[in-house]
Amino acid sequence: MEFETIEVKKEGTLAWLILNRPDKLNALNLKLLEELYQAVKNFDSDNDVRVIIITGKGKAFCAGADITQFTELTPVNAWKFAKRGREVMDFIESIGKPTIAMINGYALGGGLELALACDIRVASEEAQLGLPEINLGIYPGYGGTQRLTRIVGKGKALEMMMTGDRIPARDAERYGLVNSVYPSADLEKETRKLAEKISEKSPVALSLIKEIVNRGIDSSLLTGLSMESLGWGTIFSTEDKKEGVDAFLKKRKPNFKGI
Ligand SMILES: CC(C)(COP(=O)(O)OP(=O)(O)OC[C@H]1O[C@@H](n2cnc3c(N)ncnc32)[C@H](O)[C@@H]1OP(=O)(O)O)[C@@H](O)C(=O)NCCC(=O)NCCSC(=O)CCO
């Protein structure tokens, strides 16, 4: 399928989704948002794909929602605009396959919110992250108020939202907002290494981990723990469990099929 505002490519079991409006720092206009949704949906239903990597072309990962679209938005359309953006982020978070945001530069506003919807964030040393919506007289509308708070805690999240300051990748790493930081020359290689490692694990187990962590974090501890043990029982019915245990006992590398 051809896209105008993103590039997609497959590399073995890895799928790359590259935001491609570099002259606008990959700002999310409605077209890009819909293409992003469609591309993730395609990769999610492609049995060959095990891990999805999202990144940006040029000097930005993504500088957020396209501000030029704000001037003509009525309040009702602004609500619809935020709702659609949030639905796309929710969808990305909800898919069963692991997702990695490879933050190659600015990840601001909706751009950071996109990265927050991914499972893992890796960044280049030059990357800057922030929620600068406050400088426009608004606040984050694509899930940032909730997802950032759950990841870095209330105090740091409020500070980032209230100041709108951009933070360097190394600081973001200290706050737990990004998992790892690399010199930009190594970012792609290191991201690929991480994605390949994850792609060799059982897709069923990965999918259950996502579901239980994502649902569990918004539930009571008891409910989360209960989901964990119920899922644990379920996973014993899979071929991948048989394969993993057999491979261990026979001292060989497992070959997981996702069944
Ligand atoms: C990211 C900044 C700091 C980069 O600054 P600089 O390097 O000086 O580059 P610019 O000249 O500003 O940008 C190049 C080009 O991209 C356009 N652009 C950048 N960001 C956006 C955007 N979010 N929407 C639309 N267009 C954007 C910029 O206008 C330039 O276009 P020209 O045609 O060449 O003029 C800086 O760009 C910046 O601060 N950007 C805005 C970041 C922001 O406020 N994001 C939040 C948006 S609201 C949101 O996401 C709601 C969802 O919660």
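Residues numbered from 1 in each chain as written. Predicted model: local features only at pLDDT ≥ 70, side-chain atom pairs only at ≥ 80, totals over all residues. Heavy atoms only, no water.

- Within an unreviewed UniProt entry, the label attached to the chain reads Crotonase, and the organism entered is Metallosphaera tengchongensis.
- UniProt annotates the chain under Sequence similarities (unreviewed entry) with the comment "Belongs to the enoyl-CoA hydratase/isomerase family." (UniProt positions renumbered as here; feature names shortened; annotations may be inferred.)

1. Side note on the sheet that holds strand β7 (residues 120–124)
Piece 1. Spatially, 6 strands are ordered β1-β2-β3-β5-β7-β10 in an open sheet, and the strand pairing comes out mixed. Both outer strands of the open sheet, β1 (6–11) and β10 (180–182), are each paired with one neighbouring strand and no more. The average undirected angle you get between the axes of adjacent strands in this sheet is 20°.
Piece 2. With 3 bridges joining them, strand β3 (residues 51–56) and strand β5 (residues 99–103) adopt parallel strand pairing. Paired with isoleucine 52 across the bridge in β5 is threonine 99. (Pairing = 2+ DSSP bridges. Helix = DSSP H or I, 4+ residues; strand = E, 2+ residues; numbered from the N terminus. Axes fitted to C-alpha atoms, helices over the stretch in contact; angles between N-to-C directions.)

2. Quick look at the pattern of salt bridges
Piece 1. Taken as a whole and judged by the stated rule, the model has 28 salt bridges.
Piece 2. The partner of arginine 86 in a salt bridge is aspartate 90, and the shortest N-O contact between them spans 2.8 Å. Taken together, the positions of arginine 86 and aspartate 90, both in helix α2 (residues 75–94) and 4 residues apart, correspond to about one turn of that helix.
Piece 3. Note on arginine 86: relative accessible area 37%, which makes it partly exposed. (Salt bridge = Lys/Arg side-chain N within 4 Å of Asp/Glu carboxyl O. Buried < 20%, exposed > 50% of the residue type's maximum accessible area, 1.4 Å probe, protein only.)

3. Examining the pairing of β7
Piece 1. The element β7 is extensively covered by neighbouring structure, given that 5 of its 5 residues are classed as buried.
Piece 2. Of the pairings in the sheet, the one linking β5 to β7 comprises 4 bridges and is parallel in character. Bridging from a neighbouring strand, isoleucine 103 pairs with alanine 123 of β7.

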